[in-house]
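The lines below spell out each chain.
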Amino acid sequence: APNINVANVQAHLNQFQSIANANSGNRAHGRPGYLASINWVKSKLDAAGYTTRVQSFTSNGATGYNLIADYPGGDANNVVMLGGHLDSVSAGPGINDNGTGSASILEVALQVKATGFQPTKHLRFGWWGAEELGLVGSTYYVNSLSSTEKSKIKAYLNFDMTGSPNPGYFVYSSSGQPTGSAALTQRLQAGFTALGVQTELTNVGGRSDHAAFARAGIPTGGTFTGAEGIKTSAQASKWGGTAGQAFDRCYHRSCDTTANVSATALDRNADVIASTLWATAA
Ligand code: PHE
Ligand code: ZN
Ligand code: ZN
Ligand code: ZN
């Protein structure tokens, strides 16, 4: 797997920030900054040879959009899927939540093409709308699939908040989550171990888009660097940063800008996304 160049991921975050700046400061569902974000990500994927599709839905009286991108080739009966939500809250630009996950899976998708990776399995990427209104876009996507199409998705990996400024290194626990996959969790943990980074398992329950896939019986996993939770002194000892402060003090606030991202956490998570995808899809 390639070592992802964090500068490329940061360049994508700068694009999301510019889009928010040009659109009343946010990229929220039903606002122009959201569709501009979809169109920009789509253009990057189209240029890299992905087959893209924009799926529309209605929520709260406004049109929402999911972007689905398929990488040509691989076994169509064995699909590995990566996803994250592209919408922000209306209070701010949503750069850590969830520009980070969105930009990281975009860069990994672009590196699939750039490295000439020829996976055995079929790769699909999803950017979800209206997560902040209750996992609306991802649920709409899963419900739009036939049971046959659902059964072809052998893994769904979710990335929501991967660059928190006072980061923790959390991997979604497989126990206690109906379709949490022990194999996926172990691969994500192994990716951090290879970087010399300790992890903790966390039960994220229904707090992000993996839950829509889990409810359909699809194996899921993911990583997370923390939101409103407070870093303990034990966590600060192993991860650095500031004990007694939130992992992300700008969570759901106007200050969730490009200044609200740990480049180290962003890079480590992007590298783990790549190593896990390569190991799962090879
Ligand atoms: N989904 C939450 C949000 O967008 C953040 C979150 C991600 C919480 C992952 C827990 C785990 O606000
Ligand atoms: Zn890297
Ligand atoms: Zn959020
Ligand atoms: Zn989020």
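Residues numbered from 1 in each chain as written. Chains lettered and ligands numbered in written order. Predicted model: local features only at pLDDT ≥ 70, side-chain atom pairs only at ≥ 80, totals over all residues.

### A closer look at the nonpolar core
Moving on, step 1. L82, I105, V108, A109, A270 and I273 are the most contacted members of the largest nonpolar core, which has 71 residues in total.
Moving on, step 2. Of all the elements, helix α9 (residues 263–281) adds the most residues to this core, at eight residues.
Moving on, step 3. In this structure A109 touches L45, Y50, A69 and F125, once residues within four positions along its chain are discounted. (Core = buried A, V, L, I, M, F, W, Y, C linked by C-beta atoms within 7 Å. Buried ≥ 20, exposed ≤ 12 C-beta atoms within 10 Å, placed from the backbone. Helix = DSSP H or I, 4+ residues; strand = E, 2+ residues; numbered from the N terminus. Contact = placed C-beta atoms within 7 Å.)

### Examining the UniProt feature "domain: Peptidase M28" (unreviewed entry) in the chain
Moving on, step 1. UniProt tags residues 66–275 as "domain: Peptidase M28" (unreviewed entry).
Moving on, step 2. End-to-end, the C-alpha atoms of residues 66–275 are 25 Å apart, and along that stretch the chain is 35% helix and 20% strand. (UniProt positions renumbered as here; feature names shortened; annotations may be inferred.)

### Comments concerning the environment of Q198
Moving on, step 1. Mapped onto the secondary structure, Q198 falls in the loop between α6 (182–194) and β7 (200–202).
Moving on, step 2. C-alpha of Q198 to C-alpha of F125: the two residues are 73 residues apart in sequence and 27 Å apart in space.
Moving on, step 3. When sequence neighbours within four positions are dropped, the list of residues in contact with Q198 reads Y169 and K238.

### Side note on the environment of P72
Moving on, step 1. Mapped onto the elements, P72 comes out in the loop between β2 (62–71) and β3 (75–85).
Moving on, step 2. Accessibility expressed as a C-beta count within 10 Å gives 10 for P72, which makes it exposed.
Moving on, step 3. As a C-alpha pair, P72 and G205 span 133 residues in sequence and 33 Å in three-dimensional space.
Moving on, step 4. What P72 contacts, discounting residues up to four positions off in sequence, is G49 and T51.

### Concerning the pairing of strand β5 (residues 153–159)
Moving on, step 1. Counting buried positions along β5 yields six of seven residues, so the element is predominantly enclosed.
Moving on, step 2. As paired elements, β3 and β5 share five bridges and run parallel to each other. Within the sheet, the bridge partner assigned to M81 lies in β5 and is Y156.
Moving on, step 3. Direction of pairing for β5 relative to strand β8 (residues 220–224): parallel, over a ladder of four bridges. Bridge pairing links F159 to T223 in β8. (Pairing = 2+ DSSP bridges.)

### As for the sheet that holds β8
Within a beta sheet, neighbouring strands are joined by backbone hydrogen bonds and run either parallel or antiparallel to one another.
Moving on, step 1. Strand order in the open sheet made by the eight strands is β1-β2-β4-β3-β5-β8-β6-β7, with mixed pairing throughout. The two strands at the open ends of the sheet, each matched to only one other strand, are β1 (51–59) and β7. The mean inter-strand angle of the sheet, taken between neighbouring strand axes irrespective of direction, is 25°.
Moving on, step 2. As defined by bridge partners, strand β6 (residues 170–172) adjoins β8 across two bridges and the pair is classed as antiparallel. Across the sheet, the residue bridging to V171 is T223, located in β8.
Moving on, step 3. Contacts from helix α3 (residues 95–114) reach β2, β3, β4 (121–128) and β5 within the one sheet, and its direction differs from that of β3 by about 145°. (Axes fitted to C-alpha atoms, helices over the stretch in contact; angles between N-to-C directions.)

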